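Report on the structure
What follows is the residue order along each chain.
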Amino acid sequence: MPFMPVKFNLPKRVKLAQGLWMLYWFSVIVGILIFSLGIFFKIELRKRSEMMDNNESHLVPNLLILMGMLACGINTFGGKVCHDCLDPIKFTKWKPMLKMYLLLCCGFSMLLLLTALLCILMQFAVYLTLAEGLKNGIKFYKDTDTPGRCFMKRALDLTQIEFRCCGNNNFRDWFEVQWISNRYLDMSNDEVKDRVLSNVEGKYLMDSVPFSCCNPGSSRPCIQHHLTNNSAHYDYDLRTEELNIWMRGCREALFSYYSSMMNSIGALVFATIILELADMAGLKYLSTALETMVDPENPECESKGWLLEKGIKETFTELLAKLKMLGKKTNQVEEGRDATVDTT
Amino acid sequence: MVVMKMKFSFQKRVKLAQGLWLLSWCTTVASAITFTLGCILKMELRRRAEVMDSGNIHVVPNTLMIVGLASLGINYFASKICQDALDAERFPRWKNFLKPYFAASCFFTVLMLLAVIMSYAMKGSLESSLKVGLKNSIRFYKDTDTPGHCYQKQNIDYLQMEFQCCGNSDFRDWFEVQWISNRYLDFSSKEVKDRIKSNVDGRYLIDGVPFSCCNPSSPRPCIQYQLTNNSAHYNYDHQTEELNLYLRGCRETLVSYYTSLMSTIGTGVLSVFLLQGSVLVSLRFLQTAMEAVVGKENTEIETEGYLLEKGVKDTIMDLHQPGRCTVPHICLCSPPSSTLPPQLTSIASDQPVSDPFFSAARSTSSSIPTVTYPRTGSHPVL
């Protein structure tokens, strides 16, 4: 009993071939889209790699690029087969390769599933990398004279301006590090000396933030120094002042940006899997319909197409039996070899 | 006297029609691009409308959009006409349409050229508009509680950060206005009272700039207050500190941004203008070549095409005085004797038939009553 059989006559076969050809070319375009999204994601990761300590994993974009190229290749081949299949001479050329091709498509769909799962799951890795990278970024903000860290200040300032965020968790992260370099501190000044001495590690800590934390939407000029000291500014209360500096932490801001990107790419890959399955089903129907033509000389005869030759259960048991046979054979070969080794 | 006469064999006519059809579709795409470019320019100008004083500069994108839409129509009709041109039965129905069509097309093509010239020439108007607009915006920076100026501060801050500029001509413009609102000044403080009293207008002026002037590329944390006071900061000399603030003025930055945008658009539209011009010229040649074929049994004869039937001067004078007759053997209507110009020459029966319109008229002249001219000297009677 074939699984999901459908009767085909000539017009139906022609329609199926044409529809399948268009579907394959649509899948090629989707493959190109996945490829370009992979490249876009890679570029976005590279742009902000300073915020991630240059430690970010490029597994997902590389996989997307590979999947995109594979999708293009596989679907172009499928389209070519469809195009040729209504011509019996050309079809006989492709017939032996079809089984292998369908198995290849199965494998490719599995890989796509893996890619989609990785897109969703790797967000945790991105989150952790961001947390670590931002912590170091804030620590090295002042080291604009150290080779290798010269541009950390600029990168962090531009990130805070662009993503409208301040600090790692929030703006108080800036209170815990010395972000003004010693080059610009007057060590002969009493106030500076007091501050440095009051600290165990001899760091110059202040309750101030850099200018890039300032919110332009505030109705008053930015207050960035003496943030916790209400009396230092006229008509100012830290607890009620919400618009003065950005309240969101940069880790949260950057993570939501990357996570929305990864979620949409994951959704697209899931849609591609469904598309690939539809392609495979269509090709199976078409090939079986062409193979079971009652009278091969008469192109207008009826034929039957199906997805699986026997039912699902029977196909599975057959597959398992085949695998068992394969396993037995390899065991027999090994036993035979051991026996010959023993005897010699 | 005919402007640019060219012979067209049947094959050449066919090739001309086919080439013109393709060219008109290319030009349709190009005019759609022109319209899009006009929209883009308008959007960019609208985004910064708060720092521009007058809307004169908007004439450039508006013209581009009008011309783009008109060209779409012109080229659509051109492709339709040349599709019908090779069919001798369908071509005559366009006859009445062609004269106004050419007039409108010439007008819009000239308008396109004007738009290109304007996109290069309006730099001065843009600069003066920005000068006044930026000055006002900086003046109203502090008025975040006044309706109508609430978003001035935010706009200027984002503008300075995005274009990496400070102030109108440079950062010293901020020293001349009070950019901190009175709401945030402690009037009981002696320092504040001193500053206000030292100023004629009673304004609180400081040698400081807003945070949006800070340059993130500077290696040191931003110094935005007491800029001219070297002793207020450690290891600071305001004459040598170059990178801490943006040194360029916003007017200069915005002018260069918009000029480069408009030059690029102008160059693109110039090429569209050349395409459009070639479409119109080819269509005129096709029209005149096909008019000679109309009414004939053998449609494969060789005909002549031209741009203008008479010279340029004569065509213009014709448009001014449509009743004027310069070639007597074609004057079908009997003109009143007083309007007849004295330079009537004898009938040039040996004049070659170069104009299909007049050859057609000549063939029907037998049915029209003959025209008699007033007897003056050697003028013969028709």
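So, a few notes on the structure that sits alongside this text. (Residues numbered from 1 in each chain as written. Chains lettered and ligands numbered in written order. Predicted model: local features only at pLDDT ≥ 70, side-chain atom pairs only at ≥ 80, totals over all residues. Heavy atoms only, no water.)

This part is about the interface of chain B and chain A. Counting residues at the interface gives 26 residues for chain B and 27 residues for chain A. When chain B packs against chain A, close to 2400 Å² is buried across both sides, 65% of that on carbon and sulfur atoms. When the buried area of chain B at its contact with chain A is split by residue, B:Tyr184, B:Phe211 and B:Pro216 rank highest and sum to 27% of it. Counting every contact that joins chain B to chain A gives zero salt bridges. Remark: the boundary between chain B and chain A carries eight residue pairs in polar contact (both at pLDDT 80 or more). Of the residues contributing to the side of chain B that touches chain A, the split by class is 14 nonpolar, seven polar and five charged. (Contact = heavy atoms within 4.5 Å. Buried area = accessible area lost by both parts, 1.4 Å probe. Salt bridge = Lys/Arg side-chain N within 4 Å of Asp/Glu carboxyl O. Polar contact = N/O pair within 3.5 Å; in protein donor to acceptor, adjacent residues only side chain to side chain. Nonpolar A, V, L, I, M, F, W, Y, C, P; charged D, E, K, R; others polar.)

Before going further, it helps to examine the nonpolar core. Core analysis: the biggest nonpolar cluster contains 135 residues, and A:Trp174, A:Val209, A:Leu283, B:Trp174 and B:Val209 have the highest contact counts within it. It is helix H7 (residues 250-291) of chain A that contributes the most residues to this core, 14 residues altogether. Apart from residues no more than four positions distant in its own chain, A:Leu283 is found in contact with A:Leu20, A:Tyr24, A:Val81, A:Cys82, A:Leu98, A:Tyr101 and A:Leu102. Formed by 22 residues, the second largest nonpolar core is a distinct cluster that contains B:Leu16, B:Ile74, B:Cys82 and B:Tyr101. (Core = buried A, V, L, I, M, F, W, Y, C linked by side-chain atoms within 4.5 Å. Buried < 20%, exposed > 50% of the residue type's maximum accessible area, 1.4 Å probe, protein only. Helix = DSSP H or I, 4+ residues; strand = E, 2+ residues; numbered from the N terminus.)

In this section: the packing of helix H5 (residues 152-163) of chain A against H7(A). All names here are of chain A. Look at H5 against H7: their axes get within 10 Å of each other, and the N-to-C directions meet at 65 degrees. Looking at the two axes, H5 sits roughly perpendicular to H7. The two elements H5 and H7 meet at a crossing, and its hand is left-handed. Taking contact as the criterion, the partners of Thr159, Gln160 and Phe163 in H5 are, on H7, Cys250, Ala253, Leu254 and Tyr257. (Axes fitted to C-alpha atoms, helices over the stretch in contact; angles between N-to-C directions. Parallel < 35°, antiparallel > 145°, perpendicular 65-115°, else oblique. Left-handed = near helix turned anticlockwise from the far one by under 90°.)

Attention now goes to the packing of helix H4 (residues 123-139) of chain B against helix H7 (residues 250-291) of chain B. All names here are of chain B. Put simply, H4 and H7 touch, their axes get as near as 10 Å, and they point 145 degrees apart. As for how H4 packs across H7, the hand of that crossing is right-handed. Seen from H4, the contacting residues are Lys123, Leu126, Glu127, Leu130, Lys131 and Leu134; seen from H7, they are Cys250, Arg251, Leu254, Val255, Tyr258 and Thr259.

What follows is about empty space enclosed by the protein. A complete count under the given rule lists three cavities of 30 Å³ or more for this structure. Considered as a void within the structure, the second largest cavity measures approximately 50 Å³ in volume. (1 Å grid on protein atoms, 1.4 Å probe; cavity = no way out; pocket = protein on both sides within 12 Å on 5 of 7 lines; lining within 4 Å. Points joined across faces, edges and corners; volume = space filled by probe spheres on them.)

To continue, consider the environment of A:Leu111. Locating A:Leu111 in the fold gives a position in helix H3 (residues 88-121). Through-space distance from the C-alpha of A:Leu111 to that of A:Leu254 is 28 Å; in sequence the pair is 143 residues apart.

Let us now look at the layout of surface pockets. Each pocket or cavity is described by its volume, and for the second largest pocket that value is around 1700 Å³. If you go around the second largest pocket, you meet 49 residues; those closest to its centre are A:His225, A:His226, B:Tyr225, B:Gln226 and B:His233. At the level of secondary structure, the elements contributing two or more residues to the lining of the second largest pocket comprise helix H6 (190-198) of chain A together with helix H6 (190-197) of chain B. Among the residues forming the lining of the second largest pocket, the class breakdown is 27 nonpolar, twelve polar and ten charged.

What follows covers helix H4 (residues 123-139) of chain A. All names here are of chain A. Counted at 1.5 Å a residue, the expected span for H4 with its 17 residues is 24 Å, and the 24 Å between its end C-alpha atoms agrees. Where H4 is concerned, the buried positions are Gln123, Val126, Thr129, Leu130, Ala131, Gly133, Leu134, Asn136, Gly137 and Ile138. Summarising the contacts, the buried residues of H4 are in contact with H3, H5 and H7. (Expected span 1.5 Å × (residues − 1).)

To continue, consider unusual backbone geometry. All names here are of chain A. Even without a glycine there, the phi angle at Met4 is positive, about 55 degrees. In this structure, Met4 sits in the segment before strand E1 (6-8). Look at Met4 and you get partly exposed, because its relative accessible area is 47%. Backbone geometry at Asn54 places phi at a positive 55 degrees, although glycine is not the residue there.

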